[in-house]
Amino acid sequence: MGHTAIQNDLEEQWERIQARLLEEYGEATYSSWLKPLSVVDHQEGRIRLAAPNAFMRDWVSNNYAERVKALFQSENDNVRQLDVIVGGANEKKKQPDQPLLDLPEIVSNLDARFTFENFIVGKPNELAHAAARKVAESETVTFNPLFLYGGVGLGKTHLMHAIAWQIKKCHPKRKVIYLSAEKFMYQFVRALRFKDTVAFKDQFRSVDVLMIDDVQFISGKDSTQEEFFHTFNALVDQNRQIIISADKSPSDMEGMEERLKSRLGGGLVADIHPTTYELRLGILQAKAEQMEASVPQKVLEFLAYKISSNVRELEGALTRVVAHSTLVGRDITLDSTQEVLRDLLRANDRRVTIDEIQKKVAEYYSVRVSDMHSPRRARTVARPRQVAMYLAKQLTPRSLPEIGRKFGGRDHTTVIHAVRKIEELMGEEKNMCEDIELLRQMLEG
Ligand code: ADP
Ligand code: MG
């Protein structure tokens, strides 16, 4: 085979792989990171891909190269290595200039279900919700920026979309941009590539409300941070509203410049706490109603009790239960629910933490939680502490040294001793067996 034939082969492989990547990663990721790559050559088991700039090269190498390599290997056994380089032989593949951000695209980004009407308010999210409403409805800029943070699946994106919808309703003239930090970064990189950073800046700097979701994404990415910082300052100076979400508070964000952290925390910082049982039940009731599904109250209570991780999982569980009943044409019962969700429930069961164990055990024996960490050896606190260590060993995947550390930095041999002691006592005392059984039930739900 001549050189050209091999090259053609390679191009074809790359096309097939790109189709797979599109399928696996979805349109947004694919067109941001994978589509701009071109295949350069294949020499002695080493494939080279070209990225348009150093930034994209690094990003692709860190995030997608493993998968791309595996796909090349499934095309060709000889492939051993995949390198991503800048530029490369395929300069011919210049892409046509595209407009940077176009607003209809942003609006269609918004999920129609993520409105204030569909957001259930409870203790854990009431501050974030109130702040979001205020920002969406007030005539003037009150706190800037509004910084919403909380764990995965607790409603940050929902609240941001709700703000955007509400502004569109109350103040249709305001120009609102909502985008993920990843998109922001991509737009910025693209502007650099097309040497069009002025248009990029203008685009962002002409908005009334700028919303950036999941801003933790740009930590560690210095040039994007720099640009974001300038955009941010320009907008704040012009008294435009900025709304940010992240998985951590500004001060806890790693890889973020101090001056940016302090600006991010300079408005109102509102956190969304993990859900409570009441909130979960409220959300389930609302969702069941929306789905027009008749779900027995005790099934909803069961789900709210069992699935405490996040709202996304909770919704997923309800959807599965409802879908199953529709498919098999049977009513939803507690039994069918447990059956349908067996794997999910097991995963949630395992999530007892050492902190929870310490708290429950302390409560149960009427000692202080701090006694779990303290060096005191008095029997009244030492025994409950041993019970808690025993339960930590039984109910969590933590190692002995990890458990020891959680109990005031004790040695792992102390944990072994505690486990043996409790086992011994369980063999001798009926009370101890009952205590352990009760505690286990309370903790596992
Ligand atoms: P995050 O962005 O914090 O990871 P999302 O906003 O994507 O979480 O929320 C995950 C899912 O849970 C979404 O479908 C959202 O509608 C739903 N959800 C979260 N909190 C609530 C709530 N308080 N009321 C109703 N639905 C909620
Ligand atoms: Mg989100």
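Undergrad: Would you mind going over the domain arrangement of the protein chain in detail, with residue names and values included?
TA: The domain architecture assigned to the protein chain consists of domain 1 (3-93), domain 2 (106-272), domain 3 (277-349) and domain 4 (354-444). For domain 2 versus domain 4, the separation of C-alpha centres amounts to 44 Å.

Undergrad: Hey, could you go over the confidence of the model for the protein chain for me, with residue numbers and the actual values?
TA: Averaged over every residue, the pLDDT of the protein chain is 87; the share at 70 or more is 93%. Contacts from residues 89-104, a stretch scored under 50 in pLDDT, to residues over four places away or in other chains number 29 contacts.

Undergrad: Just give me the short version of the environment of threonine 231, but keep the residues and values in it.
TA: Residue position: threonine 231 is located in helix α9 (residues 222-237). The exposure class assigned to threonine 231 is buried, which follows from its relative accessible area of 1%. For the pair threonine 231 and aspartate 202, spaced 29 residues apart in sequence, the C-alpha separation works out to 9.3 Å. Excluding its chain neighbours within four sequence positions, the residues that come into contact with threonine 231 are Phe184, Phe204, Arg205 and Leu210. Reaching out from threonine 231, the side chain makes a polar contact with the backbone oxygen of glutamate 227 at a distance of 2.9 Å.

Undergrad: Please give an account of the site of ligand 1 that cites residues and values.
TA: Inspection of the region around ligand 1 gives 18 residues, with Ile120, Gly153, Lys156, Thr157 and His158 positioned closest. Contacts to ligand 1 include isoleucine 120, whose backbone N or O atom sits 2.8 Å from a nitrogen atom. Compared with its free state, where it exposes 560 Å², ligand 1 has 94% of that area covered by protein. Broken down by secondary-structure element, the contributors of at least two residues to the shell around ligand 1 are α6 (156-170), α11 (277-290) and α13 (311-328). For the shell around ligand 1, the per-class residue count stands at seven nonpolar, seven polar and four charged. Shared between two domains, the shell around ligand 1 holds at least three residues of each, these being domain 2 (106-272) and domain 3 (277-349).

Undergrad: I'd like a rundown of the pattern of salt bridges, residues and numbers included.
TA: This structure, assessed with the given rule, holds 25 salt bridges. Among the ionic pairs, arginine 113 bridges to aspartate 111, the shortest N-O distance being 2.7 Å. Here lysine 287 and glutamate 315 are joined by a salt bridge, their closest N and O atoms 2.5 Å apart. With lysine 287 in helix α11 and glutamate 315 in helix α13, this residue pair connects regions lying 28 residues apart in the sequence. Relative accessible area serves as the criterion here: at 26%, glutamate 315 is assigned to the partly exposed category.

Undergrad: Any chance you could break down the sheet that holds strand β2 (residues 46-51) for me, citing the residues and the numbers?
TA: Ordered in space as β1-β2-β3, the three strands form an open sheet in which the pairing is mixed. Each end of this open sheet is capped by a strand with a single partner; those strands are β1 (38-43) and β3 (81-86). The average undirected angle you get between the axes of adjacent strands in this sheet is 25°. Across the sheet, helix α2 (residues 54-63) is in contact with β2 and β3; its angle to β3 comes to roughly 160°. Together, β1, β2 and β3 form the strand contacts of helix α3 (residues 65-75), whose direction differs from that of β3 by roughly 125°.

Undergrad: Break down the environment of serine 138 for me, with residues and values.
TA: Note on placement: serine 138 falls in the loop between α5 (126-137) and β4 (146-150). The exposure class of serine 138 is buried, given its relative accessible area of 15%. With 33 residues separating them in the primary sequence, serine 138 and histidine 171 have C-alpha atoms 9.7 Å apart. Here serine 138 is in contact with His171 and Arg174, once residues within four sequence places are set aside. Of note is the side chain of serine 138, whose polar atom sits 2.8 Å from the backbone oxygen of threonine 140.

Criteria and thresholds
- Residues numbered from 1 in each chain as written.
- Chains lettered and ligands numbered in written order.
- Predicted model: local features only at pLDDT ≥ 70, side-chain atom pairs only at ≥ 80, totals over all residues.
- Heavy atoms only, no water.
- Domains from an automatic or database assignment.
- pLDDT = per-residue confidence, 0-100.
- Contact = heavy atoms within 4.5 Å.
- Helix = DSSP H or I, 4+ residues; strand = E, 2+ residues; numbered from the N terminus.
- Buried < 20%, exposed > 50% of the residue type's maximum accessible area, 1.4 Å probe, protein only.
- Polar contact = N/O pair within 3.5 Å; in protein donor to acceptor, adjacent residues only side chain to side chain.
- Near = heavy atom within 4 Å.
- Areas by Shrake-Rupley, 256 points an atom, 1.4 Å probe, with all protein chains shown as cover.
- Nonpolar A, V, L, I, M, F, W, Y, C, P; charged D, E, K, R; others polar.
- Salt bridge = Lys/Arg side-chain N within 4 Å of Asp/Glu carboxyl O.
- Pairing = 2+ DSSP bridges.
- Axes fitted to C-alpha atoms, helices over the stretch in contact; angles between N-to-C directions.

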